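If you want the building blocks of each chain, they are given just below.
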2 protein chains.
Amino acid sequence: MPTCIWEEWMAETTTVQKTEGRPDYSSYRPMEECDVAQRLATYPEVVEVLGGRPTEWAVREVGDGNLNFVYIVKGPNGSLCAKQALPFVRLVGESWPLPLDRSHFEHGALVRQAQRSGHVPKIVTYDPGQALIVMENLGRHKIWRNALIAGERHESAADVLANFMAETLFRSSDLSLDAASRKVEMVHFAANTALCKITEDLVFTDPYRAHELNRWTSPELDDTVAAIRADAEWKHAVQEMKALFLTRTEALLHGDLHTGSVMVSRTETGSEDVRIIDPEFAYYGPMGFDVGALMANLLLAFYAQDGLADDRSGMKDWLLAQVERVWSGFAERFTELWRTERTGDSYHRSLFEDVGDEEASAAACNTYLARLQVEAIGFAGAKMARRILGLAHVADLETIEPAERRAKQEKRALALARMLLVERHAIGNFAEACERARQVDGEER
Amino acid sequence: MPTCIWEEWMAETTTVQKTEGRPDYSSYRPMEECDVAQRLATYPEVVEVLGGRPTEWAVREVGDGNLNFVYIVKGPNGSLCAKQALPFVRLVGESWPLPLDRSHFEHGALVRQAQRSGHVPKIVTYDPGQALIVMENLGRHKIWRNALIAGERHESAADVLANFMAETLFRSSDLSLDAASRKVEMVHFAANTALCKITEDLVFTDPYRAHELNRWTSPELDDTVAAIRADAEWKHAVQEMKALFLTRTEALLHGDLHTGSVMVSRTETGSEDVRIIDPEFAYYGPMGFDVGALMANLLLAFYAQDGLADDRSGMKDWLLAQVERVWSGFAERFTELWRTERTGDSYHRSLFEDVGDEEASAAACNTYLARLQVEAIGFAGAKMARRILGLAHVADLETIEPAERRAKQEKRALALARMLLVERHAIGNFAEACERARQVDGEER
């Protein structure tokens with residue numbers, strides 16, 4: 001990017017950047033492929049991992065995400081991943097400025113997730129003023145979404161994600177923290193408004209109105225899109241979910257927990273490793289949002305299968321099994337934490353266990369999870385639909401050709417999305433959501 | 001208070017006081033009755049209102065609240081009310097420190113309430129570092145609670161409070177403000193943790209466990225108290241309400257909207273004036289909390305009547321009518337604002353009115369209010385019970401003698417409180433809540 005452009009952005013976004021407690025970006029310079037090695041050589045931790053001299057380092061830009069530049073750097077002794085935020089949305093371009101401090105929030109989230117659960121990339125160095133996070137290179141790993149598209153099954157992913165969500169959500173909430181500490185945390189991440197705004201617009205609003213950034217398989221879905229924009233029940237349900245997203249500060253969310261934010265690997269001996277990356281959307285929101293995001297992407301993968309290959313019936317069964325496995329694993333771990341780590345101000349033990357009332361505590365946990373599940377089902381519906389109607393699509397569906405074949409699968413996914421939103425209370429649990437997914441899949445459209 | 005004691009408190013609470021954006025209390029000195037005039041004479045706005053010389057001013061301490069010192073000061077030309085926060089809870093004493101910055105939040109709330117609705121005392125001067133708010137003296141007014149105890153009816157109070165709540169809640173929410181602006185506001189008041197903690201403990205927790213600060217009509221209610229502490233459904237419901245209070249940052253609440261925070265007056269010609277005072281508990285929480293608090297105190301007044309005088313049947317009918325009137329007035333004004341002032345990010349007009357879908361918007365408003373009403377009913381139950389089981393009681397019931405007579409009315413109030421909490425979804429609206437109140441009142445206990 002030419003120097004002049006980012007300087008312009010910096011000037012324009014100064015008021016946002018200078019807010020109390022956030023990094024000073026006055027010396028920020030975006031790296032370019034040609035100077036990445038030279039720039040990274042200024043960090044001793046980087047030199048130590050890579051070894052040799054910067055001229056020996058191989059640099060490759062790999063960012064396939066929507067927002068940032070990501071470089072893989074290889075040296076004689078090892079490799080690293082360097083992620084630098086840009087002052088605009090990469091997917092859209094310079095017309096959409098975006099604060100650099102999302103890197104600050106991503107770093108804050110990575111540190112907390114590592115403490116609370118693990119399964120995140122190890123940070124090698126963080127340079128706040130450069131909006132730069134240098135992490136371990138997950139070279140053996142692939143994006144889970146791509147594995148699912150290829151029909152590959154990583155058996156441990158569901159369990160790791162279930163535990164990750166239960167641990168990061170529970171341990172950042174009032175169930176674990178005292179109210180004042182939770183508020184300090186909540187306030188810290190409340191400043192991540194620009195990234196929240198992306199979710200508010202792209203997930204909960206734009207797909208349901210005419211907007212220049214929307215795109216869909218056209219003309220095949222034109223009528224469907226028009227019908228959805230006039231669907232009062234659907235819009236009403238989505239706005240209920242948006243209101244929760246806006247106001248319910250339950251736990252520190254990853255905020256963008258789709259299958260593209262998960263990396264998986266398997267050694268020749270079958271040993272798997274699963275990592276959760278890219279928490280720059282982190283903020284305090286409703287727990288069900290993370291759970292719903294992941295479920296949505298598994299369900300999108302389910303509907304994509306028949307468009308991707310001729311016989312994927314086994315993979316389809318497996319995907320729905322993962323949905324149920326994620327929920328049951330999540331509920332199990334959450335319940336365990338409820339029993340053993342409930343040190344916060346919410347559902348205080350002095351009212352339950354401390355007076356011998358384990359039964360009431362268990363009942364309260366079940367009710368809590370039942371509500372959370374209903375909310376997660378609603379969020380799953382919202383997250384499915386936006387990937388078909390809005391700006392950012394998913395490769396699972398996008399790679400299906402020809403368009404008619406893709407549209408057929410997208411219509412099925414949209415039919416389920418509507419159910420999950422509008423009938424979330426009646427559906428009530430992910431086993432039933434999977435049953436609905438199968439029903440919709442069997443219907444001719 | 002001797003100088004040494006408050007200096008000790010200041011030293012101990014320094015870490016809390018010094019937080020960014022809050023006043024510097026290093027020159028804070030509590031006023032005493034003998035130096036109030038001299039201290040207030042340093043504010044030109046005060047001198048202008050009172051007239052004459054400080055030696056001519058009459059000072060009277062009138063604080064009957066639980067937290068602060070309040071002085072009425074009269075001069076040749078006019079009078080004023082000076083409210084100064086103390087670094088501890090007045091009701092309990094120096095063993096319970098409390099940050100002075102509650103005055104900062106009270107001032108912030110008064111300013112916003114005046115802009116958004118009115119019906120609050122006019123501020124003459126605010127000295128942040130002295131935690132001192134000087135306001136107009138509402139000399140003609142009396143505390144609404146005292147009027148209700150005396151069996152007096154102020155016909156405009158319900159309507160004023162309904163509008164006040166609808167306007168302050170709606171206009172501070174995402175329905176009116178864009179998400180980023182609402183978050184800035186929310187973050188500002190999120191620092192009022194110490195006052196929130198009082199509510200969390202005294203309303204939602206302590207009444208349901210053994211705690212040295214609890215008190216109740218004993219021995220008459222001993223068995224009832226023991227039964228409530230073992231009542232799993234009740235505790236579960238209260239914890240659900242507490243979780244909402246802790247995490248749902250919907251709107252800027254008054255935070256302590258009982259009938260002792262309302263002042264009423266009536267001239268000889270029958271013209272009434274109603275004011276809402278003391279918003280030092282202000283913070284972003286669930287809208288239903290303010291509504292429920294007010295309803296709880298009207299319902300407590302209802303149950304107190306038969307203990308206060310021999311024939312209060314007319315007053316009892318009137319009180320329940322006010323409960324319904326507050327809700328219907330609130331819903332009407334809220335709906336009007338929903339239609340005419342919905343400029344925020346929640347339920348954005350571009351999805352509804354802008355595409356001609358007024359019907360879907362109206363349906364969404366009704367659903368929103370239905371949920372709000374259920375939450376308000378639950379909060380009302382919690383707020384009723386704490387006034388009988390916890391630290392802070394209400395004069396309505398406290399003035400009933402002898403104790404057996406008081407206990408009889410308190411048991412009725414507790415029976416309703418349980419219903420409002422545990423059966424809030426089934427009750428669903430305040431008309432039904434009033435019906436339940438009548439049923440409980442008719443039963444022998």
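Quick caveat, the model's predicted, so the values are computed rather than measured.

## Some words on the side chain of Arg275 of chain A
Residues and elements named next belong to chain A.
Part 1: Among the secondary structure elements, Arg275 is positioned in strand S11 (residues 272-276).
Part 2: At 2.8 Å, the side chain of Arg275 and the side chain of Asp273 are in polar contact.
Part 3: Arg275 has contacts with His119, Val120, Pro121, Lys122, Glu136, Leu138, His141, Ser261, Val262 and Met263, leaving out every residue within four places of it along the chain.

## A few points about the sheet that holds strand S6 (residues 123-127) of chain B
All names here are of chain B.
Part 1: The strand order S1-S2-S3-S7-S6 describes an open sheet built from five strands, whose pairing is antiparallel. Sheet topology places strand S1 (58-61) and S6 at the edges, where each strand pairs with a single neighbour. Geometrically, the sheet is characterised by an average inter-axis angle of 20° between neighbouring strands, direction not taken into account.
Part 2: Taken together, the four bridges between S1 and strand S2 (residues 68-74) define a ladder with antiparallel strand orientation. Each residue of the ladder has a partner; that of Glu61, found in S2, is Tyr71.

## As for the confidence of the model for chain A
Part 1: Averaged over chain A, the pLDDT score is 93; the fraction of residues at 70 or greater is 94%.
Part 2: Low pLDDT, under 50, characterises residues 1-18 of chain A; the stretch is placed with 31 contacts to residues that sit more than four places away or in other chains.

## Describing the sheet that holds strand S10 (residues 262-266) of chain A
Residues and elements named next belong to chain A.
Part 1: The strand order across the open sheet formed by three strands is S8-S10-S11, and the pairing between neighbours is antiparallel. Whereas interior strands pair on both sides, the edge strands pair on one side only; in this sheet they are strand S8 (142-143) and S11.
Part 2: Bridge count for S8 against S10 is two bridges, and the pairing is antiparallel. Each residue of the ladder has a partner; that of Ile143, found in S10, is Met263.
Part 3: Taken strand by strand, helix H7 (residues 157-171) contacts S10 and S11, and its axis lies near 40° from that of S11.

## A short note on the interface of chain A and chain B
As a measure of interface size, the accessible area lost when the parts come together is often cited.
Part 1: Listed per partner, the contact involves 44 residues of chain A and 44 residues of chain B.
Part 2: Roughly 3,700 Å² of surface becomes buried between chain A and chain B when both sides are summed, with 59% attributable to carbon and sulfur atoms.
Part 3: When the area that chain A buries against chain B is broken down by residue, the three leading residues are Lys183, Thr247 and Leu351 of chain A, summing to 17%.
Part 4: At the surface where chain A touches chain B, the tally comes to four salt bridges.
Part 5: Residue Lys183 of chain B pairs with Glu200 of chain A through a salt bridge whose shortest N-O separation is 3.8 Å.

## Examining the domain arrangement of chain A
Residues and elements named next belong to chain A.
Part 1: Assigned domains within chain A: domain 1 (3-136) and domain 2 (142-442).
Part 2: Each of domain 1 and domain 2 has a C-alpha centre, and these two points are 27 Å apart.
Part 3: Counting from both sides, the interface comprises 27 residues of domain 1 and, opposite them, 31 residues of domain 2.
Part 4: Interface area for domain 1 against domain 2, summed over the two sides, is near 2,400 Å², with a carbon-plus-sulfur share of 63%.
Part 5: When the area that domain 1 buries against domain 2 is broken down by residue, the three leading residues are Phe105, Arg116 and His119, summing to 30%.
Part 6: Taking the shortest distance from any N to any O, the salt bridge between Glu280 and Lys83 comes out at 3.1 Å.
Part 7: On the surface where domain 1 and domain 2 come into contact, there are 12 residue pairs in polar contact (both at pLDDT 80 or more).
Part 8: Looking at which element gives the most residues to the side of domain 1 that touches domain 2, the answer is helix H5 (residues 102-116), with 10 residues.
Part 9: For the side of domain 1 that touches domain 2, the residue count by class is 11 nonpolar, eight polar and eight charged.

## Considerations on the relation of the copies chain A and chain B
Part 1: Relative to chain B, chain A is turned by 180° and slid 0.0 Å along the rotation axis, the superposed coordinates differing by an RMSD of 0.0 Å. The superposition of one copy onto the other is thereby described by a two-fold rotation axis. Among all residues of chain A, the minimum C-alpha distance to the rotation axis is found for Arg248 of chain A, at 2.3 Å.
Part 2: Both copies contact each other with a shared surface, as 100% of the interface residues of chain A are interface residues in chain B too.

## A few points about unusual backbone geometry
All names here are of chain A.
Part 1: With an omega dihedral of -5°, the bond running from Glu401 to Pro402 counts as a cis peptide bond.
Part 2: Positive phi, close to 65°, is recorded for His119, a residue that is not glycine.
Part 3: Look at His119 and you get partly exposed, because its relative accessible area is 33%.

## Considering the packing of helix H13 (residues 313-340) of chain A against helix H14 (residues 358-389) of chain A
Geometry of a packed helix pair, given as the angle between the helix axes and the separation of the axes.
All names here are of chain A.
Part 1: Close contact between H13 and H14 brings their axes to 11 Å; oriented N to C, the two are set at 145°. Crossing of H13 against H14: the hand is right-handed. Across the interface between the two elements, Trp327, Phe330, Ala331, Phe334, Thr335 and Trp338 from H13 touch Ser361, Ala364, Cys365, Tyr368, Leu369, Leu372 and Gln373 from H14.
Part 2: By residue class, the composition of the contact of H13 with H14 is 10 nonpolar, three polar and no charged.

## Structural notes on the environment of Cys196 of chain A
Part 1: Looking at the secondary structure, you find Cys196 of chain A in helix H9 (residues 193-202).
Part 2: Overall, Cys196 of chain A belongs to the buried group, its relative accessible area being 2%.
Part 3: Separated by 178 residues in the primary sequence, Cys196 of chain A and Val374 of chain A have C-alpha atoms spaced 22 Å apart.
Part 4: Ignoring anything within four residues of it in the chain, the contact list for Cys196 of chain A reads Phe245 and Tyr283 of chain A together with Lys183 of chain B.

## Let's talk about the environment of Thr168 of chain B
Residues and elements named next belong to chain B.
Part 1: With respect to the helices, strands and loops of the structure, Thr168 is situated in helix H7 (residues 157-171).
Part 2: Residue classification places Thr168 among the buried residues on the basis of a relative accessible area of 5%.
Part 3: Between the alpha carbons of Thr168 and Ser117 there is a distance of 6.2 Å; along the sequence they are 51 residues apart.
Part 4: In contact with Thr168, not counting residues within four places along its chain, are Gln113, Arg116, Ser117 and Leu252.

## Thoughts on the pattern of salt bridges
Pairs can form between side chains of opposite charge once their charged atoms are near each other.
Part 1: Tallying each qualifying case throughout the model produces 78 salt bridges over all chains.
Part 2: With a shortest N-O distance of 3.8 Å, Arg116 of chain B and Glu185 of chain B are connected by a salt bridge. Of this pair, Arg116 of chain B sits in helix H5 (residues 102-116) while Glu185 of chain B sits in helix H8 (residues 179-190), placing them 69 residues apart in sequence.
Part 3: Classification of Glu185 of chain B by relative accessible area gives buried; the value is 15%.
Part 4: One salt-bridge network, in which partners are shared between bridges, spans Lys83, Arg102, Glu106, Asp278 and Glu280 of chain A.

## Observations concerning the packing of helix H11 (residues 232-247) of chain A against helix H16 (residues 403-422) of chain A
Residues and elements named next belong to chain A.
Part 1: Two elements in contact, H11 and H16, have axes separated by 9 Å at closest approach and are oriented at 60°. Taken together, the axis directions place H11 and H16 in an arrangement best described as oblique. The interaxial crossing formed by H11 with H16 has left-handed handedness. Mapping the contact onto sequence places Glu233, Trp234, Ala237, Val238 and Met241 in H11 and Leu414, Ala417, Arg418, Leu421 and Val422 in H16.
Part 2: A per-class count over the contact of H11 with H16 returns eight nonpolar, no polar and two charged.

About the criteria used
Residues numbered from 1 in each chain as written. Chains lettered and ligands numbered in written order. Predicted model: local features only at pLDDT ≥ 70, side-chain atom pairs only at ≥ 80, totals over all residues. Heavy atoms only, no water. Helix = DSSP H or I, 4+ residues; strand = E, 2+ residues; numbered from the N terminus. Polar contact = N/O pair within 3.5 Å; in protein donor to acceptor, adjacent residues only side chain to side chain. Contact = heavy atoms within 4.5 Å. Pairing = 2+ DSSP bridges. Axes fitted to C-alpha atoms, helices over the stretch in contact; angles between N-to-C directions. pLDDT = per-residue confidence, 0-100. Buried area = accessible area lost by both parts, 1.4 Å probe. Salt bridge = Lys/Arg side-chain N within 4 Å of Asp/Glu carboxyl O. Domains from an automatic or database assignment. Nonpolar A, V, L, I, M, F, W, Y, C, P; charged D, E, K, R; others polar. Least-squares fit on C-alpha atoms with pLDDT ≥ 70 in both. Buried < 20%, exposed > 50% of the residue type's maximum accessible area, 1.4 Å probe, protein only. Left-handed = near helix turned anticlockwise from the far one by under 90°. Parallel < 35°, antiparallel > 145°, perpendicular 65-115°, else oblique.

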